[in-house]
Each structure stands twice: as C-alpha cells, then as structure tokens.
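Fold and contact review
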Amino acid sequence: MREIVLDTETTGLDPLRGDRLVEIGCVEIFNRMPTGQTFHRYMNPERDMPAEAFAVHGLSTEFLASKPLFTEVVDEFLEFIGDAPLVIHNASFDIGFINAELDRIKRQPISRERLVDTLLLARRKHPGVSNRLDDLCSRYSIDNSRRTKHGALLDSELLAEVYIDLIGARQSQLILAPETRAAIASGGGETPRRQREVPLAARVSEADREAHRAFVATLGDKPIWNDFLPVAAASDR
C-alpha cells in the first residue's frame, strides 16, 4: 500500500487570518517502508514572515521572495500525492493550510477521510505524556539531531520512521525487503531480499547431523517419502 508522509511550514497558525504555506515536504512509503521518493518545495507566501514563525523554521521573507507561488507547484504536488493516504502529525493543522491554499485558486480540497493523524495514534498508544515529534523520536530511539529547526522534508522523514514504529511495523522490515520501484509500478515480479552483511552462524552442529544420519539409517532401504520423489532423486538419497 502506498502512503505519503507529509509536513508543512507556514507563516503562522491560522490560514483564516491570512497565514500562508511556505514549505511542503512529502516522503513516499510503500508497504510501510520508505521508497526514497520525495517531494519538496518552498513557496513565496506573498507576505512578510512574522518573527515568531521565523524563529521556528528559519525561512525569511528574503529567502522566500524568489520561490514559486503555490499555484505554480500545486499540480506537481497533487500528482505526487495521488490518491494515497496522507500520514501527518497533527493533521488538522497541515490540511487546513493546504485546503486554504487550494480554495484560493478554486481547486478541490483534499478529503479529510484520507488522513492518518499520527498525533492521535500516539495519544492512544501513549496517553498522558507529551507526543510531539521530538518526544516520539526520543521514545523510539530515532536520531533527530539534525532537527535544530523545523523543516518540512526533514520532519516528514523523521515522521515516516516514527509512524513505522508507532503502528508496530518495524519488525516486518527485518523480514520483508522493500519492493523495487519497477516491481511497484508493474505490480509483479520477484521482490528482492535484503542480504545480511554477516551470515548467521549455523545452529546445527556436526553431532546433530551425525545423529540425524544414524536415525535415517534405522528406517531401512525404503522410507515412505521415496514414494513421493522422482525415481532419480529417490535413488540419490
């Protein structure tokens, strides 16, 4: 299943009072594993950056002045997310800003039925404690040392790691390797398996093998499983 982990940065807290999007970051995951495909854009909000918001993400009015408008990146953004579920931390905040931008240019809003809110998931799993992204990274031993300020793409990458732990999918990654992009696109083909850097030591000792051979010898010349093997294979045993 394809999902998109998404985060935004803005000029403030309320799109209904004129605050705007300034950054969108998205990370694609497939079957709960990152594929390496991302979407990341800065946008000119067509207004000044309040000092409070600048302190959070460090995106200045001057830096954003040369960036494209939302209307110039919206098609690429919508194509990237497609119809996949959107995994967002405190989803009502981000989707409120995205839908406000879509409304400004007379485009259809994104349905809230598509949202997977990791803040709500975390509150159910860890009630009574803080469930900010930094707290969850610490709880799941995810390195967030690069997060000196908020950034939409970096926060999406961290949230993808948190989400995998939050829903208990980490163990499956130890067994199942990610599908290649070609296999994903075609819907078929063999899934490549992740190879261990150091093979596991054999658990069957030579004494175990000798004991097994001795046991098989007690079964005689015509063990029952030979009835189910090709003649050549049975003669080789």
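Coordinates for the structure precede this section.
Rules behind the numbers
- Residues numbered from 1 in each chain as written.
- Predicted model: local features only at pLDDT ≥ 70, side-chain atom pairs only at ≥ 80, totals over all residues.
- Heavy atoms only, no water.
- Helix = DSSP H or I, 4+ residues; strand = E, 2+ residues; numbered from the N terminus.
- Contact = heavy atoms within 4.5 Å.
- Buried < 20%, exposed > 50% of the residue type's maximum accessible area, 1.4 Å probe, protein only.
- Pairing = 2+ DSSP bridges.
- Salt bridge = Lys/Arg side-chain N within 4 Å of Asp/Glu carboxyl O.
- Phe/Tyr/Trp six-rings, centres within 6.5 Å; stacked < 30°, edge-to-face > 60°.
- Lys NZ or Arg CZ within 6 Å of the ring centre and 35° of its normal.

Let's shift gears to the environment of Asp 165. Following the sequence through the fold, Asp 165 ends up in helix 7 (residues 152–166). Placed 133 residues apart in sequence, Asp 165 and Arg 32 show a C-alpha to C-alpha distance of 9.9 Å. Apart from residues lying up to four places away in sequence, Asp 165 is in contact with Lys 125, Tyr 140, Ile 142 and Arg 170.

Next up on the list: the pairing of strand 1 (residues 2–10). Most of strand 1 sits inside the fold, with 8 of its 9 residues counted as buried. Bridge count for strand 1 against strand 2 (residues 21–30) is 9 bridges, and the pairing is antiparallel. Looking at the pairing, Ile 4 lines up with Glu 28 of strand 2. Two strands pair when backbone bridges link them, and strand 1 and strand 4 (residues 86–88) are joined in this way by 2 bridges, in the parallel orientation.

This brings us to the pattern of salt bridges. Counted according to the given criterion, the structure contains 16 salt bridges. Between Arg 17 and Asp 14 there is a salt bridge whose closest N-O contact spans 3.6 Å. Judged by its relative accessible area of 25%, Asp 14 is partly exposed. Across the pair Asp 75 and Arg 107 runs a salt bridge whose closest N-O atoms are separated by 2.9 Å. Note that Asp 75 is positioned in helix 3 (residues 70–81) and Arg 107 in the loop between helix 4 (91–104) and strand 5 (115–117), a separation of 32 residues in sequence. For Arg 107, a relative accessible area of 32% gives the class partly exposed. A single salt-bridge network, built from bridges that share partners, covers Arg 20, Glu 46, Glu 101 and Arg 104.

A separate point is the pairing of strand 2. Within strand 2, 9 of the 10 residues are buried, which leaves it mostly tucked inside the rest of the structure. Two strands pair when backbone bridges link them, and strand 2 and strand 3 (residues 33–42) are joined in this way by 7 bridges, in the antiparallel orientation. By the bridge assignment, Val 27 is partnered in strand 3 with Thr 38. The hairpin formed by strand 2 and strand 3 contains 2 residues between the paired strands, and Asn 31 there has a positive phi angle of roughly 50 degrees.

Okay, the packing of aromatic side chains next. The tally for this structure, following the rule as stated, stands at 4 aromatic pairs. Considering the side-chain rings of Phe 39 and Phe 77, the 5.8 Å spacing of their centres and the 45 degrees angle between planes classify their relative orientation as tilted. Of this pair, Phe 39 sits in strand 3 while Phe 77 sits in helix 3, and the two are 38 residues apart along the sequence. Residue classification places Phe 39 among the buried positions, given a relative accessible area of 3%. Here the guanidinium or amino end of Arg 2 rests over the ring plane of Phe 80, the centre of that ring lying 5.6 Å away.

It is worth spelling out the environment of Ser 141 at this point. Tracing the chain through its elements places Ser 141 in the loop between helix 6 (133–139) and helix 7. Residue Ser 141 is classed as exposed on the basis of its relative accessible area, which comes to 69%. In the structure, Ser 141 is positioned 24 residues away from Asp 165 in sequence and 10.0 Å away in space, judged by C-alpha atoms.

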